[in-house]
Amino acid sequence: MLTVTNVNKKFGNESILEDIQLEFSNGVYGLLAPNGAGKTTLIKMLTTLLYPTKGEILYEGQNIFSMGENYRDLIGYLPQQFGYYKNYNPYQYLQYLAALKGISKQAANEKIPKLLKLVALEDAIKKKMRKFSGGMIQRVGIAQAMLNDPKILILDEPTAGLDPKERVRFRNLLSELARDRIVILSTHIVSDVESIANQIIMIKDKQVLFKDSIQIICQKLQGKVFETEMNFDRVQEFRRHYLSLSERQENGRMMIRFIAEEGSSSNWKQVNPTLEDVFLFEYQDHSLEQLK
Amino acid sequence: MRIIIEEMKKIFHPVMLLICLLINLLMYYIFIDFDISVFPNGRPATDMYNIGIEMVDKYGHELDENELKDFTKVLQQEIKKADKYIQADKEFSNLGITSYREFIDMRKENQENPEIDLLSSKIMFDKEIDLFWEIPQRENVIEKMEFVNERYGYSDLVQLPTSKQDQRIQEIIQSGKVNAIFPSYPVEYNFQTISQSIAITILVSVIFMISPIFIRDYKNNMFGLQYSSKIGRGLVLKKVTAGMLATFIITTFLIIVYYGLYSTNDIGMFLESEINSFMGTVYWYDFSFLQLIIMTILLTYVITLSLSLLAIFVSSICKNYISIIGIQLPLFAVLYWLIKKRVLPVEAFHLTSSQWEIGMIYSIMIIIPISVIGWIVRNRQTKDILE
Ligand SMILES: Nc1ncnc2c1ncn2[C@@H]1O[C@H](COP(=O)(O)OP(=O)(O)O)[C@@H](O)[C@H]1O
Ligand SMILES: [Mg+2]
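Residues numbered from 1 in each chain as written. Chains lettered and ligands numbered in written order. Predicted model: local features only at pLDDT ≥ 70, side-chain atom pairs only at ≥ 80, totals over all residues. Heavy atoms only, no water.

What follows covers the confidence of the model for chain B. All names here are of chain B. Confidence along chain B averages 91 in pLDDT terms, with 99% of residues attaining 70 or more. For chain B, per-element mean pLDDT is lowest for helix α7 (residues 114–126), which scores 76, and highest for helix α14 (residues 235–262), which scores 98. Taken over the whole predicted complex, pTM reads 0.92, whereas the ipTM for its chain interfaces reads 0.91. (pLDDT = per-residue confidence, 0-100. Helix = DSSP H or I, 4+ residues; strand = E, 2+ residues; numbered from the N terminus.)

Structure, rendered in structure tokens:
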């Protein structure tokens, strides 16, 4: 079990995260927040790259920084901007990281082909990485995170650069991996985590806003999400009163999904809130919030 | 060890090696080649070199009194030969010259006389008569031996010797070491210039190969992965070790190559000669020529390892290659200046080099790089990895 207690992080005088309390046990955790919310900052503390300004991070009751390499031995990490050497092929690259992870050459020699097969790159094992597409690079990144068979897998925006097909593959892979480990996955894209995360963590205003299952998070908006149909000329006016979540055209009219405190019209249809609704609601433009 | 090997693989990347090879070819042809292919360099260097070989052949590595007498006899025979040559030559008799002595005296007295000048340059430069080149060199050797008590060591000094310098000079004379046969001109001078060039070439190679050590990782966004892996921030020390090992390998390899090429200069017969010779200069220590070479090589290691540590440090604090060059260039310039001033490595032990100053310079070269690297290694332990 990985526990974050009372963690604050400042860069200089600028406070980025405040009073973060989190607990992780096996399963997929979706760290969902817009850009700049502090996801990467939190993840870098979980990977010992950043020291918390205040508070502690514990693994099985021990401070991860005093555990040192014993802790780092347990984690697999895919940084948001993860690095590689362009002139290395995946085999050389993974051998290098295996060395850093304290894996013997022989063990790595066995492991590397299996991992590359897992991410469907077995044919590119001797191909220079400079020739790789963004998706291929990202898959090498996932393979490297799995090299040491980590107990804690931490992925910072891992789906960036993956095409839709690869995303599906990737999600399936993660659910599979999460059976016997902690998987923490940060993203600002709701659909990345919607189908696989056991728990969603949202960060807002430097603090943890939610840490719950999708179901429970969605309940916060229960009875407040509606859909209705109207003529285009009314849309402008409507948007000024209600938070529009999504809009699409249908038969020359506009279908709008929106939030309201209570149903006040007969042609409003109440619908079940989704995670996307909550995300849009919570992180709606500041200006809109003031209007309400 | 596995990490160190992996790090060294990055340093010895084939493309880097290839560029390093080109740099070395260039530097070799610009700086080193001349002192190898043109040795001894013209006359009278060649004559002095040949006389040196003859002396070692005949007398061994020291010249005792009897041997000096023999050497003087050889000179006299040569002068006789020169006399005969002069007597047989019409041009000389036309000018009324009948012996070598007369010729030399006339040349000295009538410096403006175009006829003697013309004849002299004809003999020396057109016909290149060995006798006329060798005799002055032989006379020179004998003169140096004759006046060894009065002059030895003084010709190297610009100012009057300090009491310590004087003591050292007297010590060499008294112990008899001064009798060593070692034609420092041209052998020692050639060794000094070539050692400078070799040291500079190795320095450039090492800076080139080592400088990317950290910035390569930074530029490739590797820090996050590296410092979150099991080894974590301990990687800094591993990389420093890899850098030092690589420097050692590069330096050793280039030393073998360049001093190997130097050995084709045929100086083998002088290796056992003491360098504090009446024919040459004064050193603070009783080294043989071979020992001088070994000490020079050792100092070359100190210089390259020192600058390499600095290069590692600079690489770890810089965010781009331009600033690396910007910091390395002045550092290199200082070392280049010190080498060219002959402080490092070749004349470190020379009587003209204050051993106190040399000790200071080398201490600084050892202490500063180690301190800044120590600082970086510790600093990385406690610092956030922001990149
Ligand atoms: N090295 C840094 N120095 C100062 N501020 C930083 C630094 N790194 C990130 N920040 C700030 O911290 C906030 C959170 O950034 P980040 O954790 O990268 O967010 P996310 O990953 O959610 O997009 C941003 O406002 C960003 O500007
Ligand atoms: Mg981020």
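Let us keep going from here.
Moving on to the domain arrangement of chain A. Many descriptions give the size of an interface as the accessible area lost when the pieces come together. Residue and element names in this part refer to chain A. One can read the domain layout of chain A as domain 1 (2–213) and domain 2 (219–291). Computed from C-alpha atoms alone, the centre-to-centre distance between domain 1 and domain 2 is 35 Å. Taken together, the contact between domain 1 and domain 2 spans 13 residues of the former and 9 residues of the latter. Seen at the junction of domain 1 and domain 2, the total is 1 salt bridge. Of the charged contacts, one joins E282 and K204 as a salt bridge, the two residues approaching to 3.2 Å between their closest N and O atoms. Scanning the region where domain 1 abuts domain 2 turns up 2 residue pairs in polar contact (both at pLDDT 80 or more). Of all the secondary-structure elements, those providing two or more residues to the side of domain 1 that touches domain 2 are α8 (190–194), β9 (199–204) and β10 (207–212). Among the elements that line the side of domain 1 that touches domain 2, the one with the most residues is β9, at 4 residues. (Domains from an automatic or database assignment. Contact = heavy atoms within 4.5 Å. Salt bridge = Lys/Arg side-chain N within 4 Å of Asp/Glu carboxyl O. Polar contact = N/O pair within 3.5 Å; in protein donor to acceptor, adjacent residues only side chain to side chain.)

Turning our attention to the sheet that holds strand β13 (residues 253–259) of chain A. Residue and element names in this part refer to chain A. Ordered in space as β12-β13-β11-β14, the 4 strands form an open sheet in which the pairing is antiparallel. Two strands in the sheet have a free side with no partner beyond their single neighbour: β12 (243–250) and β14 (269–270). The sheet contact formed by β12 and β13 spans 7 bridges and is antiparallel. Across the sheet, L243 pairs through a bridge with I259, a residue of β13. (Pairing = 2+ DSSP bridges.)

Residue and element names in this part refer to chain A. Around the magnesium ion (ligand 2), the protein contributes the donor atoms T40 (OG1) and Q80 (OE1), which lie 1.9 to 2.2 Å from the metal centre. Note that T40 is positioned in helix α1 (residues 39–46) and Q80 in the loop between β6 (75–78) and α4 (90–100), a separation of 40 residues in sequence. Among the residues examined, T40 registers a relative accessible area of 23% and is labelled partly exposed. (Donors = N, O, S within 2.8 Å, 3.2 Å for Na, K, Ca; no water. Buried < 20%, exposed > 50% of the residue type's maximum accessible area, 1.4 Å probe, protein only.)

Glancing now at the pattern of salt bridges. In the structure shown here, the tally under the stated rule is 33 salt bridges over all chains. The residue A:E237 makes a salt bridge to A:R240 at a minimum N-O spacing of 4.0 Å. You can see A:E237 and its partner A:R240 sitting in helix α10 (residues 232–241), 3 residues apart, about one turn around the helix. You can call A:E237 partly exposed: its relative accessible area is 43%. For A:D277, the salt bridge goes to A:R257, with nearest N and O atoms at 2.7 Å. With a gap of 20 residues between them, A:D277 in helix α11 (residues 275–282) and A:R257 in strand β13 connect regions that are remote in the sequence. A:R257 shares its class with A:D277; the two are buried. Connected via shared salt-bridge partners are B:E7, B:K10, B:D217 and B:K239.

Judged by side-chain charge, A:K86, A:K127, A:K128, A:R130 and A:K131 come together as a positively charged surface patch. Along the chain, A:K128 turns up in the loop between α5 (105–118) and α6 (134–146). (Patch = residues over 30% accessible without salt bridge, like charges linked within 9 Å, V, L, I, M, F, W, Y side chains within 5 Å. Areas by Shrake-Rupley, 256 points an atom, 1.4 Å probe, with all protein chains shown as cover. Lys, Arg positive; Asp, Glu negative; His and termini not counted. Charge placed at Lys NZ, Arg CZ, Asp CG, Glu CD.)

Right, let's get into the pairing of β6(A). Residues and elements named next belong to chain A. Side chains I75 and Y77 project from β6 onto one buried face, and the interleaved G76 and L78 project onto a second face that is buried too. Relative to strand β7 (residues 152–156), β6 is paired through 4 bridges, and the arrangement is parallel. Across the sheet, residue L78 finds its bridge partner in β7, namely L155.

Our next topic: the packing of helix α11 (residues 184–210) of chain B against helix α15 (residues 289–317) of chain B. Residue and element names in this part refer to chain B. Where α11 contacts α15, the two axes come as close as 9 Å, and the packing angle between them is 25°. The orientation of α11 relative to α15 falls into the category roughly parallel. In the crossing of α11 with α15, the sense of the turn from one axis to the other is right-handed. Residues V187, F191, S195, A199, I202, L203, V206, I207 and I210 of α11 touch α15, and the partners they reach there are F289, L292, I293, T296, T300, I303, T304, L307, S308, A311 and I312. Across the contact of α11 with α15, the residue classes tally to 15 nonpolar, 5 polar and no charged. (Axes fitted to C-alpha atoms, helices over the stretch in contact; angles between N-to-C directions. Parallel < 35°, antiparallel > 145°, perpendicular 65-115°, else oblique. Left-handed = near helix turned anticlockwise from the far one by under 90°. Nonpolar A, V, L, I, M, F, W, Y, C, P; charged D, E, K, R; others polar.)

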